[in-house]
Amino acid sequence: MSDALQAYRPPLWLPGRHLQTIVPSVVAARPLEGRRETLDVPVAPNATVRCAVDRSPGRTTGTLLLIHGLGGSADAPYIVRTARHALGRGWTTVRMNLRTCGGTGRLSATLCNAGQGDDAGGVLAALDREGFPRPFVAAGFSLGGNLVARYAATSGDACVADAVVGINPPLDLEGCLRALERPGNAIYHLHFVVLLCVQVGRLRRLRPVAGPSAWPWRIRTLRRFDDGFTAPDAGYDSASAYYAAASAGPLLPGIRRPTLILSAENDPFVDVATLEPFRNRSPLARFAHPRGGGHCGYWQSGHPRLWAAAAMLDWVDAALS
């Protein structure tokens, strides 16, 4: 399994970190077949998250909770591709929207943030009450990866998941933001700022949202967005205080479940150097860094399109066997 987790090789026509990140994100995933169920889960006072549930028609392997990254939704291409592969292997998939994401602005009075690990715990507890099949695996991509790692670390022995996976998770939010602020990453920085400002604009058509004008040309940087919106909404004095409190890396000693941190060496802004300080914090946390893949890209020809989906589930099979 150790070698397999390092084995990703991008197609020859997809060289470099930027193409490996951007191309898989702009190519739409084929929609999932079958009937989708909707599950709304209250996770905090005045906060409900909406999940899309898809069930495998054949054997039942377990339940896979999938959580997207910053500015995404339960229908993000990497989430849908992972769900498709998991369904083919008998997993029931539950694709969770973070607070106010995926058109769920009316369901929560608060914005999403990287520290809301208990939201994952609330959904897992609801799945347990509803009798969803075991084992439970919680897998998050990018910001969602930090969120599930933080949940596993803070819940310890009470963690409802049987295994946890973070794909390209920013375990050090401050360090990742510094990488995002590099001139070579301007396209990603602008992308996130625009997505978040548009989201605030949509929310303000539904209800008041405290903070400054949300025009991207005024906000300009993710740090300023977090200073003006995310941090005060979450109860922090500043973006820096929010980053320090929400980062999962320093909390990893609390993990009591098998955990995989899978992140490419060539990720443009989740620099593997920011993950290195946390590598030996828990004997149950396995770190793997394939040379290529970009940020949540891992495109490969054939089935599955997303290499990380197969690698993750192979690791789960080994970890829980």
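Described in the following lines is the structure provided in the data block.

### Notes on the overall build of the protein
Phase 1 of the analysis: A tally of helices and strands in the protein yields 11 helices and 8 strands.
Phase 2 of the analysis: Computed over the C-alpha atoms, the radius of gyration of the protein is 18 Å, within 12% of the 20 Å expected from 2.2 N^0.38 for a compact globule of 321 residues.
Phase 3 of the analysis: If one aligns the C-alpha atoms of the protein with their principal axes, the spans along those axes are about 50 × 45 × 40 Å.
Phase 4 of the analysis: Counting across all 321 residues of the protein, residues that qualify as buried make up 57%.
Phase 5 of the analysis: Carbon and sulfur atoms form 54% of the exposed surface of the protein, whose accessible area is close to 13,300 Å².

### Things to note about a nonpolar patch on the surface
Phase 1 of the analysis: On the surface, a nonpolar cluster with roughly 230 Å² of combined accessible area is contributed by Leu190, Val194 and Val198.
Phase 2 of the analysis: With respect to the helices and strands, the residue Val198 is situated in helix α6 (residues 186-204).
Phase 3 of the analysis: Classification of Val198 as partly exposed rests on a relative accessible area of 38%.

### Side note on the environment of Gly211
Phase 1 of the analysis: With respect to the helices and strands, the residue Gly211 is situated in the loop between α6 and α7 (216-219).
Phase 2 of the analysis: Judged by its relative accessible area of 45%, Gly211 falls in the partly exposed class.
Phase 3 of the analysis: Measuring from C-alpha to C-alpha, the distance between Gly211 and Ser108 comes to 17 Å, with 103 residues separating the pair along the chain.
Phase 4 of the analysis: The contact partners of Gly211, leaving out residues within four places of it in the chain, are Arg204, Gly228 and Phe229.

### Let's talk about helix α5 (residues 173-180)
Phase 1 of the analysis: In terms of burial, α5 is a largely internal element, 7 of the 8 residues being buried.
Phase 2 of the analysis: Buried residues of α5: Leu173, Glu174, Gly175, Cys176, Leu177, Ala179 and Leu180, and no others.
Phase 3 of the analysis: Elements in contact with the buried residues of α5: α4 (143-155), α6, α8 (222-234), α9 (239-246) and α10 (272-275).

### Here we look at the packing of helix α2 (residues 77-88) against helix α11 (residues 307-320)
Geometry of a packed helix pair, given as the angle between the helix axes and the separation of the axes.
Phase 1 of the analysis: Look at α2 against α11: their axes get within 9 Å of each other, and the N-to-C directions meet at 45°. Regarding the angle of α2 to α11, the classification is oblique. The chirality of how α2 crosses α11 is right-handed. Contacts between α2 and α11 involve Thr82, His85 and Ala86 on the former and, on the latter, Ala309, Ala310, Met312 and Leu313.
Phase 2 of the analysis: Partitioned by chemical class, the residues of the contact of α2 with α11 number 5 nonpolar, 2 polar and no charged.

### Considering the sheet that holds strand β6 (residues 163-167)
Phase 1 of the analysis: One open sheet holds the 8 strands; their spatial order is β1-β2-β4-β3-β5-β6-β7-β8, and the pairing between them is mixed. The open sheet is flanked by β1 (37-44) and β8 (285-288), the only strands paired with a single partner. Taken over all neighbouring pairs, the strand axes of this sheet differ in orientation by 20° on average, direction set aside.
Phase 2 of the analysis: As paired elements, strand β3 (residues 62-67) and strand β5 (residues 136-141) share 5 bridges and run parallel to each other.

### Some points on the state of the cysteines
Phase 1 of the analysis: Scanning all chains against the criterion turns up 0 disulfides.
Phase 2 of the analysis: Here Cys51 is not cross-linked by a disulfide; its sulfur's nearest cysteine counterpart is in Cys101, at 12 Å.
Phase 3 of the analysis: Of all cysteine sulfurs, the one in Cys51 lies closest to Cys159, which takes part in no disulfide; the gap is 16 Å.

Quick notes on the rules
- Residues numbered from 1 in each chain as written.
- Predicted model: local features only at pLDDT ≥ 70, side-chain atom pairs only at ≥ 80, totals over all residues.
- Heavy atoms only, no water.
- Helix = DSSP H or I, 4+ residues; strand = E, 2+ residues; numbered from the N terminus.
- Rg over C-alpha atoms; globule rule 2.2 N^0.38 Å.
- Buried < 20%, exposed > 50% of the residue type's maximum accessible area, 1.4 Å probe, protein only.
- Areas by Shrake-Rupley, 256 points an atom, 1.4 Å probe, with all protein chains shown as cover.
- Patch = residues over 30% accessible without salt bridge, like charges linked within 9 Å, V, L, I, M, F, W, Y side chains within 5 Å.
- Salt bridge = Lys/Arg side-chain N within 4 Å of Asp/Glu carboxyl O.
- Contact = heavy atoms within 4.5 Å.
- Axes fitted to C-alpha atoms, helices over the stretch in contact; angles between N-to-C directions.
- Parallel < 35°, antiparallel > 145°, perpendicular 65-115°, else oblique.
- Left-handed = near helix turned anticlockwise from the far one by under 90°.
- Nonpolar A, V, L, I, M, F, W, Y, C, P; charged D, E, K, R; others polar.
- Pairing = 2+ DSSP bridges.
- Disulfide = S-S within 2.5 Å.

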